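Chain by chain, the residues run as shown.
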Amino acid sequence: MSEQEKVQNEQQTAAELAAEQQTTEQAGEPVQLSGEQAIIAKLEAELIAAKQLAADQQDLALRVKAEAENSKRRSAQDVEKAHKFALEKFAGDLLPVLDNLERSLSFIDRDNEAVKALAEGVELTLKGMLDTVAKFGVQQIDPQGQPFNPEFHQAMSIQPNADLDANTVIFVMQKGYELNGRLLRPAMVGVSKKPD
């Protein structure tokens, strides 16, 4: 039995005694309390009030403790999010650089011996950049040939294609990126549909 239930039982017992005393007085029987009985009754009433106060204070203390634990947990989550996503703006600003490196590779003629070394240098630079940002939680989203997912892909065009299932990514115009599972930028894609 909890402390609060005990106090409630004592209050109920005191109320029953008071009701019995009042019934006796109403019946015309005078009730005489001795000095000691009056002091005992007063002390019992004070004890009941003190127990009720203690139970209330204990309940309040438990609530304050629970609120403190919740606040501590929320603060820890906020700190964790701050650590995970502190680089979000910086990573977002690096995305155009990665896009430009990929675009430059697509325009280089790899058969031309004069620019072959240049192509290798750009490839190594792009690979180094991707590896570096991956260490900080930035991952590339390249959905070529995958089913279209509106959470990570942005459809820029829809083209009929009999060879592929409907809603399959046919081509990627611009790769997407995510930071620790949070989308930085969706991949811009072309999506297939069944021919009419």
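Residues numbered from 1 in each chain as written. Predicted model: local features only at pLDDT ≥ 70, side-chain atom pairs only at ≥ 80, totals over all residues. Heavy atoms only, no water.

Caption draft 1: Main features of the overall build of the chain. Within the chain, the secondary structure is distributed over four helices and six strands. When the helices and strands of the chain are listed from N to C terminus, the series reads α-α-α-α-β-β-β-β-β-β. Once local pairs closer than 6 in sequence are excluded, the contacts in the chain between residues at least 24 apart make up 63%. (Helix = DSSP H or I, 4+ residues; strand = E, 2+ residues; numbered from the N terminus. Contact = heavy atoms within 4.5 Å.)

Caption draft 2: The arrangement of helix 3 (residues 88-107) in detail. Compared with an ideal rise of 1.5 Å per residue, which puts 20 residues at 28 Å, helix 3 spans 30 Å between its outermost C-alpha atoms and is within 8% of the ideal. The sharpest bend along helix 3 measures roughly 25° and falls at Leu94, with the proline Pro96 sitting one to four residues further on. Residues Ala91, Leu94, Leu95, Leu98, Asp99, Leu101, Glu102 and Leu105 constitute the buried set of helix 3. In the core, the buried residues of helix 3 are packed alongside helix 4 (116-135), strand 1 (138-141), strand 3 (169-174), strand 4 (176-179) and strand 5 (182-185). (Expected span 1.5 Å × (residues − 1). Bend = angle between axes of the 7 residues up to and from the residue. Buried < 20%, exposed > 50% of the residue type's maximum accessible area, 1.4 Å probe, protein only.)

Caption draft 3: Expanded view of the packing of aromatic side chains. Tallied over the entire structure, the rule returns zero aromatic pairs. The lysine or arginine in question, Arg182, covers the ring of Phe85, its NZ or CZ lying 3.7 Å from the ring centre. (Phe/Tyr/Trp six-rings, centres within 6.5 Å; stacked < 30°, edge-to-face > 60°. Lys NZ or Arg CZ within 6 Å of the ring centre and 35° of its normal.)

Caption draft 4: How the structure looks around the packing of helix 3 against helix 4. At their nearest, the axes of helix 3 and helix 4 sit 10 Å apart, and the two run at 150° to each other. The angle between the axes of helix 3 and helix 4 places the two elements in the roughly antiparallel class. Handedness of the helix 3/helix 4 crossing: left-handed. On helix 4, the residues touching Leu94, Val97, Leu98, Leu101, Glu102, Ser104 and Leu105 of helix 3 are Ala119, Val122, Glu123, Thr125, Leu126, Met129, Leu130 and Val133. (Axes fitted to C-alpha atoms, helices over the stretch in contact; angles between N-to-C directions. Parallel < 35°, antiparallel > 145°, perpendicular 65-115°, else oblique. Left-handed = near helix turned anticlockwise from the far one by under 90°.)

Caption draft 5: Quick look at helix 2 (residues 35-85). Relative to the 75 Å expected for 51 residues at 1.5 Å per residue, helix 2 spans 74 Å between its end C-alpha atoms, a close match to the ideal helical length. The complete set of buried residues in helix 2 reads Ile48, Gln52, Ala55 and Phe85.

Caption draft 6: Region of the structure containing the sheet that holds strand 2 (residues 153-160). Overall, mixed pairing links the three strands, which are arranged 2-6-3 in an open sheet. Unpaired on one side and paired on the other, strand 2 and strand 3 mark the two borders of the sheet. For this sheet, the mean inter-axis angle between neighbouring strands, taken without regard to orientation, is 25°. Sheet topology places strand 3 next to strand 6 (residues 187-193); four bridges connect them, and they run antiparallel. In the strand pairing of strand 6, Val172 is matched with Val189. (Pairing = 2+ DSSP bridges.)

Caption draft 7: Seen up close, unusual backbone geometry. Its identity as a non-glycine residue notwithstanding, Asn167 has a phi of 65°, on the positive side. Within the secondary structure, Asn167 is located in the loop between strand 2 and strand 3. Residue Asn167 is classed as partly exposed on the basis of its relative accessible area, which comes to 47%. Backbone geometry at Asn180 places phi at a positive 50°, although glycine is not the residue there. One can find Asn180 in the loop between strand 4 and strand 5. You can call Asn180 partly exposed: its relative accessible area is 33%.

Caption draft 8: Looking closely at a nonpolar patch on the surface. A surface patch of nonpolar side chains, about 310 Å² in accessible area, is lined by Leu87, Phe90 and Phe136. Mapped onto the secondary structure, Leu87 falls in the loop between helix 2 and helix 3. (Patch = residues over 30% accessible without salt bridge, like charges linked within 9 Å, V, L, I, M, F, W, Y side chains within 5 Å. Areas by Shrake-Rupley, 256 points an atom, 1.4 Å probe, with all protein chains shown as cover. Salt bridge = Lys/Arg side-chain N within 4 Å of Asp/Glu carboxyl O.)

Caption draft 9: Local environment of the pattern of salt bridges. Under the counting rule described, the total for this entry stands at 10 salt bridges. Here Lys89 makes a salt bridge to Asp93, at a shortest N to O gap of 3.6 Å. You can see Lys89 and its partner Asp93 sitting in helix 3, four residues apart, about one turn around the helix. For Glu102, the salt bridge is made with Lys175, and the minimal N-O distance between the two is 3.4 Å. Residue Glu102 is found in helix 3, and its partner Lys175 is found in the loop between strand 3 and strand 4; the two are separated by 73 residues along the sequence. One continuous salt-bridge network, built from bridges that share partners, spans Glu102, Asp142 and Lys175.

Just geometry here; none of it tells us what the structure is for.
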